[in-house]
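Chain and residue survey
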Amino acid sequence: MSTPTLLDLELRGGRVPVLRAEPGPDAAGWAATHRAALRAAVTEHGAVLVRGLALADAGTTAAVVRGLGADPVAEREAFAPRTPLPGGLYSSTPWPATQPMCMHHELSYTLEPPGLLAFACLTAPTTGGATGLADAPSVLAALPPDLVARVEREGWLLVRTYTDEIGASVEDAFGTADRDAVERTCRAAGIDTEWLPDGGLRTRQRRRGVVGHPVTGARCWFNQIAFLNEWTLDPEVREYLVDVYGEEGLPFTTRFGDGGPIGADVVAEINAVYESATVREPWQAGDLLLVDNVRTAHSREPFTGPREVVVALADPVRLPAVSPSAEGGPR
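Now for a look at the structure at hand. Numbering of residues starts from 1 in each chain and follows the order in which that chain's sequence is written. The predicted origin of the model limits local features to residues at a pLDDT of at least 70 and limits the giving and counting of side-chain atom pairs to 80 or more, whereas totals for whole chains, interfaces and linings rest on all residues. Only hydrogens and water are set aside when side-chain values are computed; all heavy atoms of the structure are taken into account.

1. What about the side chain of Ser 299?
Working definition: helices are DSSP H or I runs of at least four residues, strands are E runs of at least two. Numbering for both runs from the N terminus. As for its placement among the helices and strands, Ser 299 is situated in strand E17 (residues 296-300). Each residue's exposure class comes from its accessible area (1.4 Å probe, protein chains only) as a fraction of the maximum for that residue type: buried when under 20%, exposed when over 50%, partly exposed otherwise. On the accessibility criterion, Ser 299 (11% relative accessible area) is buried.

As structure tokens, then:
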């Protein structure tokens, strides 16, 4: 097969770009041979689905990721513990099969989020389960200008409360339960900490919500304002958590960068824009999906039957924490 170019991609309006690879025993060698063209295509289109590599296990997938020259990184500040797999891969985030996972950019609340995501479908679901994709510059252009201006000016605030009862534990998120070590990690990451009387931990971190793409410079809506907001929770789950822990004790929520609340109407508006921008391609077993994590948000649809999708979080990019005009405000 000749080195793939943009002309080799199946470019269909409203669909994920697809590249059909010739099946063969050396998927990693194929990835290494076509590394430059594949990565250029991901930068150009935000994502590429490679079909035909017949990926069947984490080890082969990890070899393909290495063949692409990608640098897998360990997950930090996790919301739900994933299972580590060979070669620096992870299982999918645990999430009920009957519930959709809203659009988000992976680890966009960290200072060094992955620039590239490599998903491999080892077992395709019976129905549903697609990984939806949305172009961040297009989402930015479709959102209300006043909302974009506020987020660009102030950034956004993520508030998390860790307890032993719900959500990820301190150790899950930071790799240790030692208070001194956690505080050192948080200081280095620009995260404010507050240890609670019951032994729990509350953190606050402010991040930019609009960033320039590290390669193209394109302005991207890059955050998890809607996904990690309390109003994205199932209404019954939110009501229960507020009853038990109070509004200040929710496991997570988001606010504007000045600490102001983000209401259900704002969350609904963001999610509606995401939905209008979403493209989907049903998974087939053996597929490889390469996603530019800054350029492209992703989601997961409900599904039936077994679904095994593994992921490499790779090529971290260093992003500024907040806009200069927001320095000194609430974190």
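2. Some details on the sheet that holds strand E11 (residues 201-207)
In space, the four strands of this open sheet follow the order E10-E11-E9-E14, with antiparallel pairing throughout. The outermost strands of the open sheet, each flanked by one partner alone, are strand E10 (191-195) and strand E14 (252-256). Mean inter-strand twist for the sheet, computed between neighbouring axes without regard to direction, equals 20°. Whether two residues are in contact is decided by their heavy atoms: any pair within 4.5 Å suffices. Note on method: axes are straight lines fitted to C-alpha atoms, helices fitted across the in-contact stretch only, with angles between N-to-C directions ranging 0 to 180 degrees. Here helix H7 (residues 179-188) sits on the sheet and contacts E10 and E11; the angle it forms with E10, its principal contact strand, is near 150°. Two strands qualify as a pair provided DSSP detects at least 2 bridges between them.

3. With respect to the pairing of strand E16 (residues 288-292)
Within E16, five of the five residues are buried, which leaves it mostly tucked inside the rest of the structure. Both strand E2 (residues 47-51) and E16 contribute to a ladder of four bridges, which runs antiparallel. In the strand pairing of E16, Val 50 is matched with Leu 288.

4. Some thoughts on helix H5 (residues 145-154)
All buried positions along H5 are accounted for by Leu 147, Val 148, Val 151 and Glu 154. Buried residues in H5, looked at end-on, bunch into an arc of 155°, giving them a common side. Exposed and facing more than 90 degrees away from the buried side of H5 are Pro 145 and Asp 146. In the stretch just after H5, Gly 155 is the one whose phi turns positive, near 80°. This arc corresponds to the set of directions leading from the helix axis out to the C-beta atoms.

5. Concerning the nonpolar core
We define a nonpolar core as any set of buried Ala, Val, Leu, Ile, Met, Phe, Trp, Tyr and Cys residues linked to one another through side-chain atoms lying within 4.5 Å. Counting 49 residues, the largest nonpolar core has Phe 119, Leu 143, Leu 147, Trp 221, Ile 270, Tyr 274 and Leu 289 as the members making the most contacts within it. Among the elements that make up this core, the one with the highest residue count is helix H9 (residues 264-277) (five residues). Contacts of Trp 221, omitting those with residues within four sequence positions, involve His 105, Ala 136, Val 139, Leu 140, Leu 143, Leu 147, Val 148, Val 151, Gly 209, Val 210, Ile 270 and Tyr 274. By size, the runner-up hydrophobic cluster in this structure holds 29 residues, among which are Leu 38, Leu 116, Leu 290 and Val 310.

6. Considerations on the pairing of E17
E17 sits mainly inside the fold: five of its five residues count as buried. Side chains Thr 296, His 298 and Arg 300 of E17 all project onto a buried face; the interleaved residues Ala 297 and Ser 299 project onto the opposite face, where all are buried too. Direction of pairing for strand E5 (residues 101-104) relative to E17: antiparallel, over a ladder of two bridges. Across the sheet, Met 101 pairs through a bridge with Arg 300, a residue of E17. Looking at chain direction, strand E8 (residues 133-135) and E17 are connected through three bridges and run antiparallel. For Ala 134, the partnering residue across the bridge sits in E17 and is Ala 297.

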